[in-house]
Amino acid sequence: MATTISWGTIKSLLIFFGPWLIPSAIRYYRSFRAAPQAAVLPIQPIPRKAFRALAVLAGAALVFVLRAAVPYFEPENIFERTQSRLQIPTDVLFNRLSSLRPGNVLTPDDDALRVKFVNLESRLLYLQFGPDVLAHCPFCTSDYPRSYLYYALPALLAPHLLNLIITSLATSSLVAGPHGPPWRTTAAVLAVAFAAADIYAATTYNHQGNARATRLADLHPFFWLAQFARHLALASQDIILSAVLYLSSTNRWFVAPPGPAARVEAVTRALQSTKGRLAAVGILKNAAVRDEAFRARAAAYWAHEGALMREVMEDREVVEGLNDALANRIDIAGITRDADVYSLHVLPSPPEAGVPESTVG
């Protein structure tokens, strides 16, 4: 019998743990939101490799959603197909089923299932584990219901293992580049958690609850509902992983600041780039100075520039504007101090020469 937690117990737990959990959750949320600003990383478009990983996860999520939503992929429930109640005689049930088959002939799976429908317990196990387990398990008996669970476990875990392979591929460096490996552990933990929840639900389900159902509408087809929930859960797992991968790869959230080695490497690259530009400018200036034609053009430019500026500075309105700015709007003393500080940093003053000692006598 599955244990249930009352709403009153949930409220008591929330009242007791809420004052500690809610502020911690808010601080955790704010720290993640502030991570891009703290790391000084700008928001960027989705990298190409991260886009490939998102495409893989989105395709897997779409397949799982279709698997859950389209009835064609689900095994049929013969009670719903024949609109029969649980206590219907076996011969009547399969006569109705044969009338719905092509040529009014039962399939081999139908015949195998008919052999197993020996009592009410087998029908209850059918609703819990589905037609394939009940029809094909070679060692299962209704006297030991747990045997059906052992036979059903591989099929139950197969979608989880498939999704684990997909998420592992999507978060690998081969597909996602440097953006995927940080989330491999998260993907594995999610896969194990979903699989454990699925096994727990199948293990603790009380299949005897359907024994009192006298109408078709009162039946609880656990196997088909679990199939539906399982594929939706796997799709949600892929969607969650896609969301965190998108947020982290675009520096919107879950951003880890670069380490000291990465920052030193970035500064070194920037300095090398600046040094290369300065060297290129020096080469161009040296070539211009050494070439007679370039040197003449440069001299003519500066002669024309000097004459033009002298003409501008002799204009009355310009002179009045400069005088007004110097007298009322510009702090000459502050500018002078800033210029002195800048010149000391750029061109440090030479060390003072020591006074030679003199000897008397």
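Described below are features of the structure shown in this document.

Some points on the overall build of the protein chain
Turning to step 1, where the next piece is worked out: What the protein chain contains, in helices and strands, is 15 helices and 0 strands.
Turning to step 2, where the next piece is worked out: The burial tally for the protein chain puts 28% of its 361 residues in the buried class.
Turning to step 3, where the next piece is worked out: Accessible area for the protein chain stands at about 24,500 Å²; split by element, carbon and sulfur atoms hold 67% of it.

Focus: the pattern of salt bridges
Turning to step 1, where the next piece is worked out: Going through the model one piece at a time under the given rule, you end up with 9 salt bridges.
Turning to step 2, where the next piece is worked out: Here arginine 101 ties to aspartate 110 by a salt bridge, and the two come within 2.7 Å at their closest N and O atoms. Accessibility assignment for this pair places arginine 101 and aspartate 110 in one class, buried.
Turning to step 3, where the next piece is worked out: Among the ionic pairs, arginine 269 bridges to glutamate 265, the shortest N-O distance being 3.1 Å. Taken together, the residues arginine 269 and glutamate 265, both in helix 12 (residues 260-290) and 4 residues apart, mark about one turn of the helix.

Looking at unusual backbone geometry
Turning to step 1, where the next piece is worked out: The phi dihedral of glutamine 83 is positive, around 55°, even though this residue is not glycine.
Turning to step 2, where the next piece is worked out: One non-glycine residue, asparagine 104, lies in positive phi territory at about 55°.
Turning to step 3, where the next piece is worked out: Structurally, asparagine 104 can be placed in the loop between helix 4 (90-100) and helix 5 (108-116).
Turning to step 4, where the next piece is worked out: For asparagine 104, a relative accessible area of 53% puts it in the exposed group.

What to know about the state of the cysteines
Turning to step 1, where the next piece is worked out: Taken as a whole, this structure holds 1 disulfide when the rule is applied.
Turning to step 2, where the next piece is worked out: Each sulfur of the disulfide joining cysteine 137 and cysteine 140 lies 1.8 Å from the other. Because the torsion about its S-S bond is 70°, the bridge between cysteine 137 and cysteine 140 counts as right-handed.

Quick look at the environment of arginine 96
Turning to step 1, where the next piece is worked out: For arginine 96, the position within the fold is in helix 4.
Turning to step 2, where the next piece is worked out: For arginine 96, a relative accessible area of 37% puts it in the partly exposed group.
Turning to step 3, where the next piece is worked out: The spacing of arginine 96 and serine 84 is 12 residues in sequence and 8.9 Å in space, taken between C-alpha atoms.

Notes on the packing of aromatic side chains
Turning to step 1, where the next piece is worked out: Following the criterion strictly, the structure yields 11 aromatic pairs and no others.
Turning to step 2, where the next piece is worked out: With centroids separated by 5.8 Å and ring planes inclined at 75°, the aromatic side chains of phenylalanine 94 and phenylalanine 117 adopt a geometry described as edge-to-face. Separated by 23 residues along the polypeptide, phenylalanine 94 in helix 4 and phenylalanine 117 in the loop between helix 5 and helix 6 (120-129) bring together distant segments of the chain. The residues phenylalanine 94 and phenylalanine 117 share a single accessibility class, namely buried.
Turning to step 3, where the next piece is worked out: Aromatic side chains tyrosine 301 and tryptophan 302 sit 5.1 Å apart centroid to centroid with 75° between the ring planes, which places their arrangement in the edge-to-face category.
Turning to step 4, where the next piece is worked out: You can call tyrosine 301 partly exposed: its relative accessible area is 47%.
Turning to step 5, where the next piece is worked out: The exposure class assigned to tryptophan 302 is exposed, which follows from its relative accessible area of 58%.
Turning to step 6, where the next piece is worked out: Each residue in the set Phe79, Phe94, Phe117, Tyr126, Phe223 and Trp224 is aromatic and connected to the rest through ring pairs, giving one cluster.

Some details on helix 2 (residues 48-69)
Turning to step 1, where the next piece is worked out: Compared with an ideal rise of 1.5 Å per residue, which puts 22 residues at 32 Å, helix 2 spans 31 Å between its outermost C-alpha atoms and is within 8% of the ideal.
Turning to step 2, where the next piece is worked out: Burial in helix 2 covers these residues: Ala50, Ala53, Leu54, Leu57, Ala60, Ala61, Phe64 and Ala68. Take helix 2 and look down its axis: the buried residues cluster within an arc of 130°, on one side only. Seen from the open side of helix 2, the exposed residues pointing more than 90 degrees away from its buried face are Arg48, Phe51, Leu62, Val63 and Ala69.
Turning to step 3, where the next piece is worked out: The elements touched by buried residues of helix 2 are helix 8 (146-170), helix 9 (173-176) and helix 11 (222-249).

Here we look at the nonpolar core
Turning to step 1, where the next piece is worked out: Core analysis: the largest hydrophobic core is formed by 32 residues, its most contacted members being Ile78, Phe79, Phe94, Leu113, Phe117 and Tyr126.
Turning to step 2, where the next piece is worked out: Elements supplying a minimum of two residues to this core: helix 3 (78-82), helix 4, helix 6, helix 7 (131-136), helix 8 and helix 11.
Turning to step 3, where the next piece is worked out: In this structure leucine 113 touches Ile78, Phe94, Tyr126, Pro131, Leu134 and Ala135, once residues within four positions along its chain are discounted.
Turning to step 4, where the next piece is worked out: Residues Leu57, Leu241, Val244 and Leu245 belong to the second largest nonpolar core, which totals 11 residues.

So, a negative patch on the surface
Turning to step 1, where the next piece is worked out: A contiguous patch of negative charge on the surface is contributed by Glu311, Glu314, Asp315 and Glu317.
Turning to step 2, where the next piece is worked out: Among the structural elements, glutamate 314 can be located in the loop between helix 13 (292-313) and helix 14 (316-329).

Topic: helix 8
Turning to step 1, where the next piece is worked out: The end-to-end C-alpha distance of helix 8, which contains 25 residues, comes to 36 Å, matching closely the 36 Å that a straight helix rising 1.5 Å per residue would cover.
Turning to step 2, where the next piece is worked out: Along helix 8, the helix axis deviates most sharply at alanine 152, where the bend reaches about 40°; the proline proline 154 sits within four residues downstream.
Turning to step 3, where the next piece is worked out: Taken residue by residue, helix 8 has Ser147, Tyr148, Leu149, Ala152, Leu156, Pro159, His160, Asn163, Thr167 and Ala170 as its buried positions.
Turning to step 4, where the next piece is worked out: Along its buried surface, helix 8 packs onto helix 2, helix 6, helix 7, helix 9, helix 10 (184-204) and helix 11.

A word on the packing of helix 12 against helix 13
Turning to step 1, where the next piece is worked out: Two elements in contact, helix 12 and helix 13, have axes whose closest approach is 5 Å; the angle formed by their N-to-C orientations is 95°. With respect to each other, helix 12 and helix 13 are oriented roughly perpendicular. Judged by residue contacts, Ala287, Ala288, Val289 and Arg290 of helix 12 engage Glu292, Phe294 and Arg295 from helix 13.
Turning to step 2, where the next piece is worked out: Its residues placed into classes, the contact of helix 12 with helix 13 shows 4 nonpolar, no polar and 3 charged.

Conventions and cut-offs
Residues numbered from 1 in each chain as written. Predicted model: local features only at pLDDT ≥ 70, side-chain atom pairs only at ≥ 80, totals over all residues. Heavy atoms only, no water. Helix = DSSP H or I, 4+ residues; strand = E, 2+ residues; numbered from the N terminus. Buried < 20%, exposed > 50% of the residue type's maximum accessible area, 1.4 Å probe, protein only. Areas by Shrake-Rupley, 256 points an atom, 1.4 Å probe, with all protein chains shown as cover. Salt bridge = Lys/Arg side-chain N within 4 Å of Asp/Glu carboxyl O. Disulfide = S-S within 2.5 Å. Phe/Tyr/Trp six-rings, centres within 6.5 Å; stacked < 30°, edge-to-face > 60°. Expected span 1.5 Å × (residues − 1). Arc of directions from axis to C-beta. Contact = heavy atoms within 4.5 Å. Core = buried A, V, L, I, M, F, W, Y, C linked by side-chain atoms within 4.5 Å. Patch = residues over 30% accessible without salt bridge, like charges linked within 9 Å, V, L, I, M, F, W, Y side chains within 5 Å. Lys, Arg positive; Asp, Glu negative; His and termini not counted. Charge placed at Lys NZ, Arg CZ, Asp CG, Glu CD. Bend = angle between axes of the 7 residues up to and from the residue. Axes fitted to C-alpha atoms, helices over the stretch in contact; angles between N-to-C directions. Parallel < 35°, antiparallel > 145°, perpendicular 65-115°, else oblique. Nonpolar A, V, L, I, M, F, W, Y, C, P; charged D, E, K, R; others polar.

On their own, these measurements won't tell you what the molecule is for.
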